[in-house]
Amino acid sequence: MDFETATPREVRQLIREGKYTGQTSGMCRGYAQANLVVLPKDLAYDFLLFAQRNPRPCPLLEVSDTGSRTLHEIAEGADIAKDIPKYRIYKKGELEGEYTDVSEFWRRDFVSFLIGCSFSFEGDLIAADVPVRQIEEHKNVPMYNTNIPCRSAGVFHGNMVVSMRPIPYALVPKAVLITGQMPRVHGAPIHIGDPSVIGINDLEHPDYGEMVTIHEGEVPVFWPCGVTPQNVIMQSKPDFVITHAPGHMLITDVKNVNLKY
């Protein structure tokens, strides 16, 4: 299957059957992808408030009904517990393990939050001849913890995570304009240039994902990232949380063009 031109439903079916477990950057060109956070209902209001207070790293696309593994808006027929290539389970802030199916852990009190993903704007960058290096190199996007504080809400507190893409200097304004039109998938960059300014001391070793090549004449550009909730979970230490594994997203039926201003 050509994953770039496949439909979201086709790819979700392969993932559900366990036939694909890799990262999803570059898949289903033109369609939005989503990060996942699944929490018990007694924490759901705090997280909803956290997302509303931090719309750059946590732009909400949909919130599920309590206990439901299906969605009403962004992915008809999707199964939240099976249709993401890889999940993570955190217990009291510690990573317990990674799974390709979390249906055995599902509870009737779970609420799922689907959060916009920067993979969604990469097709627009490529169409405008702005290189997207992790797609070129078939890697997962590099992501980093930062010193940028999020606004706290209830039990949730911590710093932002960012994704990085190297952009040729002359194309940085174009990249800013293109991504700035899509605030529901993180929007414009949060920082351009010197990574130490936002607390990244070793660009060569991402906290999540894989390092990509930065060519001469390129500058690292950083976008708010939907892995931010995982960093917040590790700092806030709730009893039990399910998330996507970084880079392994839910591919939705929503076209990117419908997420623009």
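Use the structure listed above.
Each value, and the rule that gives it
- Residues numbered from 1 in each chain as written.
- Predicted model: local features only at pLDDT ≥ 70, side-chain atom pairs only at ≥ 80, totals over all residues.
- Heavy atoms only, no water.
- Helix = DSSP H or I, 4+ residues; strand = E, 2+ residues; numbered from the N terminus.
- Buried < 20%, exposed > 50% of the residue type's maximum accessible area, 1.4 Å probe, protein only.
- Pairing = 2+ DSSP bridges.
- Arc of directions from axis to C-beta.
- Contact = heavy atoms within 4.5 Å.
- Phe/Tyr/Trp six-rings, centres within 6.5 Å; stacked < 30°, edge-to-face > 60°.
- Lys NZ or Arg CZ within 6 Å of the ring centre and 35° of its normal.
- Axes fitted to C-alpha atoms, helices over the stretch in contact; angles between N-to-C directions.
- Core = buried A, V, L, I, M, F, W, Y, C linked by side-chain atoms within 4.5 Å.

**Q** For this particular structure, what's the right way to read unusual backbone geometry?
**A** Most of the time, phi is negative for any residue but glycine, and the peptide bond is trans. Positive phi, normally seen in glycine, also occurs at D129, with a value near 65°. Relative to the assigned elements, D129 resides in the loop between α3 (122–127) and α4 (133–136). Even without being glycine, K237 reaches a positive phi, approximately 60°. Along the chain, K237 turns up in the loop between α6 (228–236) and β10 (240–244).

**Q** Explain the pairing of strand β1 (residues 31–40) to me, please; I cannot follow it from the model alone.
**A** Successive residues of a regular strand alternate their side chains across the two faces of the sheet. Most of β1 sits inside the fold, with nine of its ten residues counted as buried. Of the pairings in the sheet, the one linking β1 to strand β11 (residues 250–255) comprises three bridges and is antiparallel in character. Note that in β11 the partner of A34 across the bridge is L250. In the sheet, β1 pairs with strand β5 (residues 110–116) via seven bridges, with the strands oriented antiparallel. Within β5, the residue paired with N35 across the bridge is I115. Both β1 and β10 contribute to a ladder of two bridges, which runs antiparallel. Across the sheet, the residue bridging to V37 is T243, located in β10.

**Q** Explain helix α5 (residues 172–180) here, please?
**A** Owing to its 3.6 residues per turn, the α-helix brings residues three or four apart onto one side. Buried residues of α5: V172, A175, I178 and T179, and no others. The arc that holds the buried residues of α5, viewed along the axis, is 130°, so those residues lie on one side. Considering only its buried residues, α5 is in contact with α3, β7 (159–168), β8 (191–192) and β9 (218–224).

**Q** Would you mind showing me how to read the pairing of strand β4 (residues 94–99) here?
**A** Both strand β3 (residues 87–91) and β4 contribute to a ladder of five bridges, which runs antiparallel. Looking at β4, one finds that K91 is bridged to E94. Here β3 folds back onto β4 in antiparallel fashion, the turn holding two residues, of which K92 has a positive phi close to 50°.

**Q** Mind showing me how you'd approach the packing of aromatic side chains here?
**A** Each aromatic ring pair is described using two quantities: the centre-to-centre distance and the angle formed by the ring planes. Scanning the model with the defined rule gives ten aromatic pairs in all. Centre to centre, the rings of F121 and W223 are 5.4 Å apart; their planes meet at 45°, and the pair counts as tilted. In this pair, F121 sits in the loop between β5 and α3 while W223 sits in strand β9, placing the two residues 102 residues apart along the sequence. Of the two residues, F121 and W223, both sit in the buried class. Taken together, the ring pairs in this structure connect F47, F50, F113 and F156 into an aromatic cluster. The ring of W223 carries the charged tip of R165 above its face, separated from the ring centre by 5.3 Å.

**Q** What's the story with the sheet that holds strand β6 (residues 143–149) in this structure? I'm lost.
**A** What links the strands of a sheet is backbone hydrogen bonding, and the strands pair in either a parallel or an antiparallel sense. The antiparallel open sheet is built from four strands, whose spatial order is β6-β7-β9-β8. Both outer strands of the open sheet, β6 and β8, are each paired with one neighbouring strand and no more. Of the pairings in the sheet, the one linking β6 to β7 comprises four bridges and is antiparallel in character. Residue pairing for β7: N145 is matched across the bridge by V161. Lying on the sheet, α6 is in contact with β6 and β7; it crosses β7 at an angle near 150°.

**Q** Teacher, can you tell me more about the nonpolar core here?
**A** Looking at soluble globular proteins, one finds that nonpolar side chains tend to be buried together. Counting residues in each nonpolar core, the largest one holds 37 residues, and the members touching the most others are I74, I242 and L250. Among the elements of the structure, β1, β3, β5, α5, β9, β10 and β11 are those that each provide at least two residues to this core. If you tally residues by element for this core, the top one is β1, at four residues. Counting residues in each nonpolar core, the second largest holds 30 residues, with L43, F50, F156 and I233 among its members.

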